[in-house]
Amino acid sequence: MTPASFRFLKAMCVAAAGSLLLVACGNNPTTSTNLASDQTLKFPILGDFGTLDPGQLSSETDSEIAQNVFNGLVKFDNNLNIVPDIASAMPTVSADGLTYTFKLRPDVTFSNGDKVTSKDVLYSWNRAAALQGGYAGNLAAIDGYDKVSANKAAGAALEKLLEANDATVTMKGLTAPDATTVQAKLSGQAGWFLSAIALEATTGMLVDQNVVKNDFDNWWTKPETLIGTGAFKMTARTPNQSVDFAAVPNWWGSPKPTLTKLHIDILGNAHSAIAAYEQGSYDIYGYGGYSNAPVDDILRIQGTANEKAQLLIHPKVRTTWVQFNLVHDSSRIAGGPFLLSGGQAAKNLRLAFALAVDKAKLATVVCHDIICQPATGGLITKGLIGYAGDNTDPLAKFDAAQAKSLLQQGDPDGSKTKNLTFTYDPNNPLNGSVAQFLQDQWQTNLGVHVNLQPVDHSAFIRGYLSGKYELARNGWQADYNHPQDWYDNLWGKIAGCPDANCGSGYDTAAYDAAVAKADAEPLSQAIPDYQAIGKMLEDDATYIPLYYSQGAFLFKPYLKGAGTNNFFDYYWDQIQILSH
Amino acid sequence: MATAAVAQAQITRLDLPAQASLWSDAWRRLKRNRLALVASIYLVLLVAVALVSIVWTPYRMSAIGVTATYAPPTAAHLLGSDELGRDILSRLMVGAQISLIVGVGTQLLVLAVGVPIGLLAGYYKGPADSIVTFIINVFYGIPDVLVAMIMVFLLGPSLTNIIIAIVVTRWMDMARLVRGQTLSLREREFVEAGRAAGARPFKMLFGHILPNALGPIIVQATFGIPAAILFESFLSFLGVGVQPPTPSWGSMANEGVQAIRYAPHMVIAPSIALSLTLMAFNFLGDGLRDALDPRSRR
Amino acid sequence: MFTRGTLIYIAQRIVLIGFTVLAVSSVVFLGIHRLPGDALFSERVRGQAYEILVHHYGLDKPLYVQYENFVVGVVTRGDLGESLVNRGVKITPLVLRELGTSVEVGGFALIFTIGLGMLLGVFAAIRQNTWLDYVLTTTSVIGYSMPNFVIAAFLILVFGIWLENVTGGEFYYQLGGWKGDIGQLWLPAFALGFPYASIVARLTRASMLEVIRQDYIRTARAKGLTELLITVRHALRNALIPVITILGPLVVGLITGSVVIENFFGIPGLGKEFAQSILNRDYYIVIGVFTMYAALVGAANLLVDLAYVVIDPRIRY
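Because the structure is a prediction, the values reported are computed rather than measured.

A. Up close: the overall build of chain C. When helices and strands are tallied, chain C shows 13 helices and zero strands. When its helices and strands are written in sequence order, chain C yields α-α-α-α-α-α-α-α-α-α-α-α-α. Residues counted as buried form 55% of the 317 residues belonging to chain C. Expressed as a percentage of contacts within chain C between residues at least 6 apart in sequence, the contacts between residues at least 24 apart total 74%. As presented, chain C carries roughly 14000 Å² of accessible surface, and 66% of it is formed by carbon and sulfur atoms.

What follows is the structure, encoded as structure tokens:
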């Protein structure tokens, strides 16, 4: 996943501090005398959400909120297993693995009372595919998606087409044999299909056509028309200031929510938000996609006796690395000495730069060993399927002496490494610290001076996806626990490399073949194949691994059921406020 | 010119030594102003530190992790370390360079831009003056930090661009002052005399009016330096100042403010440096104004 | 007091403000379209979806068409457009609401500035050359020599942390707790206004000294408290004029300072919105904020000019 569009998905639940409270799927009876009389949860976020339309959203904050308002056929539970949600049971899969048949629960309703039928699934998925929002690709495995993804209609025009079941916006592989059955025929084997449609708050989620058709683009902006199947609905919104939710009465799902209301404040400043939390104004800090608390506050809280236990440091599913520009052609204007076409000499340079960075020191100095840990097991984050194992990545080693000798071999007269620039987006303050650290390391351990170039985030993304930078920061946050999420989006023809939407430009025949094979296999079979792909990237020295991120959360001790896994905040329907 | 000498002599007071031009008079008065004296000594020391820091600082200012992060002051690190374990004293010294460059640089440009505009507007009056006054008022109507932020975004956050942004938003002070001075000076007898003698406007402006307006201009420039340094610290605080690893007192103060609850020492050093420097320039400006004011009784 | 001539003048000024606001909006609109980076593009939203978004906001139309739509929208409907980052959020109600918040905090800061500033200036003038005078003068120099965020940080350190037990320690903005809540308002207002209070103090002191000579004060003091008060009031009236003169730039200065202070305290006003929008590259909001500021400055200047009429009956328009 991306550094910018933060989305938590699944991974293993790592029990951390004692404040992490596990809820066993709703069957944890709490006597009503324990519960506080005011079941209103309050927490802050640091920026307003962009959109709550499942067909459009792609950022972490958006999904952490929307996941409580919308449901899909299947979902990830707290332990990141895929379980049925609107579907009454897991789908039956045909023998050839191409047809998934879902049966829907008969009791599912939208918060406005509209009953959910298979028609709604078709409408929602076709709409999402036609909208081509951030996660439309989740539906890419379905037969007919390619045609729909070429749709250019929007707004009311698109709604007309959808209502008419126009062929240009209807995936032919998606059918509804009856009101409670949905059948999805895939265009080819795809072991990742279920994970993709389980992804919370995105394109697999159901929206109510009765509501959407009246205001195709902005139906989600008003409390009256933000209608979903989730346990909560929006009751008030003041943009850039606050937003309120309330539990949906007689909700069809489980566990039935204990919270009656939610109040989310939009503050601008992490320090003041944490201070307000400490003073009792908020129950949680870190929900809503803002678990990157400032390090000094974390250190301070760790040193405060009566607050220490409220702090939870939890691995996220994001890896950050340095990418080299590996391809130079008419559309990738940055050249640089690291090109694949430079053969062994260029590879030596890449290795030199990689070995010259002390990753352990980076984690200690920049992250204080709290908010990140060195990435020693490949680019797929530790804890995810496809992780290669601790200390298996040769590029993660630190060896200044060898780095220097490799530099000598690759660039004896120093001309190739003159005037290099490392580009980064300063929007996240950690990026600036990391950039300065890297510059210092290369200066100290290699004697090479690298310029720093901060570029604003969206320009930066555009830039590195089109090959404008010889050295740049890169990162990915996993969407779901499947290596396909990484290998299909970052390298190879399937991601668009070398020329379209590709950071490093890396694309080899071997890579393309290996990825195609692994993607078609069921996951259990595919794992060794994916491991081999990871090794391919290591052998070609395509990156410098830096760190895996960790998030910081604060939970008041009187909360039950609040917590997080590597991917997402626990759903609000599990949270209970005890009397305090 | 004879009339000028006569005018000068009339200003001279009876209780002063016979040989006293405006400048030596001012200098004497300035020397007697204790605050201004102390301020000047401080500034001289500051310039010295800035010059020294070009070739030497206790540690390399961008060296990360020379000590533990957020470390309070110790013998080895007199001002402690920041969030990346860098020595604050070294960064403070280099920051002095930045502050002085910004302060003096902006004012030099402001002089180059504002003085000619003010002179021309005040001397020729009429439509040229109206246009200039209108432009000045428009610039005054727009909050400067906002314009500067946008400009730095447009051009990129380099020291040069920051100086340009500050000059663009603050040149009006100088232009307005010079215009006012010119307007009043042009009515004085020596100007009339000069015109009668056939002197060309250029000579009038730069030979006669400007030298007489020099006093307030210098005072304005001296006050403009701390204003520019303050402005830069605002921009740094908002994240559009000089980029890392270059330290400016403003960005150091910003980092310190972020960590104020955990490591208060980080904010104290740059804040004091900023405040002392700004105060020094302000006291010096006060002193210069009193010294150069011919109506002063001291 | 408000003659027909004055009313006509007010009407003219309001029209002028309208034009100025439009001019500022236009300049910002046209200038901002050259800024790098745009809020719509993100790693996930590229290609097809990006094109659709661009079309939705009308950014694919030629610049002059966009500008035309913008001007028509502003003049006829007061519609400043839609936020680029937060879809579906209309900008006009957003900035109007934030304008109210900023004006509340800024207004308090202004009252504090002028009130405290003049008070200190008067005291310094009456006690000229005593230790009180020196203390006040030095304090005022420190006041306008320190960046306001440093003042704010130290205030938080002292009142919010070291004296937490005494004051209750709640100094960060509590949403919904502002209106009339002096307890939380005073710290940011103080930090915002203190530099300008210092300037006002110096101005007042200097102006009072010009009007009243020391022996006059001494005589008045010797004659009794009432005499002193009359003298001071008389001098104060004249001292008001330079203060009102700088009121225009003072408002602009408070706006400048509010960008930093609002960010620091998390106050949801225009200053915080501006800083955030610039960082988010939400240009439409930036244009909206500038428009509000232009209107605010115009209104402030108009009020200042009208204040002259009240203060000095000789002034007529």
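B. Main features of the overall build of chain A. Tallying secondary structure elements over chain A gives 16 helices and 19 strands in all. Projected onto the principal axes, the alpha-carbon positions of chain A cover approximately 75 × 60 × 40 Å. A burial count over chain A gives 63% of its 580 residues as buried. In chain A, the share of contacts with a sequence separation of at least 24, taken over all contacts with a separation of at least 6, comes to 72%.

C. The arrangement of the environment of F237 of chain B in detail. Tracing the sequence through the fold places F237 of chain B in helix α9 (residues 201-237). Separated by 17 residues in sequence, F237 of chain B and N254 of chain B have C-alpha atoms that sit 5.1 Å apart. Leave out the neighbours within four places in its chain, and F237 of chain B touches N254 and V257 of chain B together with F149, V260 and F264 of chain C.

D. Representation of the interface of chain C and chain A in the model. Contacts between chain C and chain A engage 37 residues on the former and 54 residues on the latter. A combined buried area of about 3500 Å² lies between chain C and chain A, and 47% of that area is made up of carbon and sulfur atoms. Linking chain C with chain A are five residue pairs in polar contact (both at pLDDT 80 or more). Every element with two or more residues in the side of chain C that touches chain A is listed here: α2 (48-56), α4 (91-126), α11 (247-265) and α12 (270-280) of chain C. Broken down by element, the side of chain C that touches chain A gets its largest block of residues, five residues, from α2 of chain C. Per-class residue counts for the side of chain C that touches chain A are 15 nonpolar, ten polar and twelve charged.

E. Representation of the interface of chain B and chain C. Each side of the interface is counted separately: chain B has 32 residues, and chain C has 35 residues. Here chain B meets chain C over a buried area of about 3000 Å², counting both sides, of which 83% is carbon and sulfur. Considering only the side of chain B, the residues that lose the most area to chain C are L146, I150 and F153 of chain B, jointly responsible for 20% of the buried surface there. Here D286 of chain B makes a salt bridge to R202 of chain C, at a shortest N to O gap of 3.0 Å. Among the elements of the structure, α5 (126-141), α6 (144-155), α9, α10 (249-258) and α11 (265-292) of chain B are those that each provide at least two residues to the side of chain B that touches chain C. A total of nine residues in the side of chain B that touches chain C trace back to one element, the largest contributor, which is α11 of chain B. Of the residues belonging to the side of chain B that touches chain C, the class tally is 23 nonpolar, six polar and three charged.

F. Molecular detail of the sheet that holds strand β8 (residues 232-238) of chain A. Residues and elements named next belong to chain A. Strand order across the open sheet formed by four strands is β1-β10-β9-β8, with mixed pairing between neighbours. Looking at the sheet topology across the chains shown, the edges are occupied by β1 (40-45) and β8. Strand after strand, the sheet turns through a mean of 20° between neighbouring axes, direction not considered. Summarising the sheet, strand β9 (residues 242-247) and strand β10 (residues 261-266) pair through five bridges and their orientation is antiparallel. Looking at the pairing, F245 lines up with L262 of β10.

G. A nonpolar patch on the surface, seen in detail. A grouping of V47, L51, V52, I54, V55 and W56 of chain B is seen on the molecular surface, where their side chains present a nonpolar patch of about 620 Å² in accessible area. Overall, the relative accessible area of 40% leaves V52 of chain B in the partly exposed class.

H. Examining unusual backbone geometry more closely. All names here are of chain A. With omega at 0°, the peptide bond leading from S254 into P255 counts as cis. As for its position among the elements, P255 is in the loop between β9 and β10. Residue P498 follows C497 across a cis peptide bond; omega there is 0°. Relative to the elements of secondary structure, P498 occurs in the loop between α14 (484-490) and α15 (509-520). For A201, which is not glycine, the phi dihedral falls at a positive 65°. When you line up the elements, A201 lands in the loop between α5 (193-198) and α6 (209-212).

Conventions we followed
Residues numbered from 1 in each chain as written. Chains lettered and ligands numbered in written order. Predicted model: local features only at pLDDT ≥ 70, side-chain atom pairs only at ≥ 80, totals over all residues. Heavy atoms only, no water. Helix = DSSP H or I, 4+ residues; strand = E, 2+ residues; numbered from the N terminus. Buried < 20%, exposed > 50% of the residue type's maximum accessible area, 1.4 Å probe, protein only. Contact = heavy atoms within 4.5 Å. Areas by Shrake-Rupley, 256 points an atom, 1.4 Å probe, with all protein chains shown as cover. Buried area = accessible area lost by both parts, 1.4 Å probe. Polar contact = N/O pair within 3.5 Å; in protein donor to acceptor, adjacent residues only side chain to side chain. Nonpolar A, V, L, I, M, F, W, Y, C, P; charged D, E, K, R; others polar. Salt bridge = Lys/Arg side-chain N within 4 Å of Asp/Glu carboxyl O. Pairing = 2+ DSSP bridges. Axes fitted to C-alpha atoms, helices over the stretch in contact; angles between N-to-C directions. Patch = residues over 30% accessible without salt bridge, like charges linked within 9 Å, V, L, I, M, F, W, Y side chains within 5 Å.

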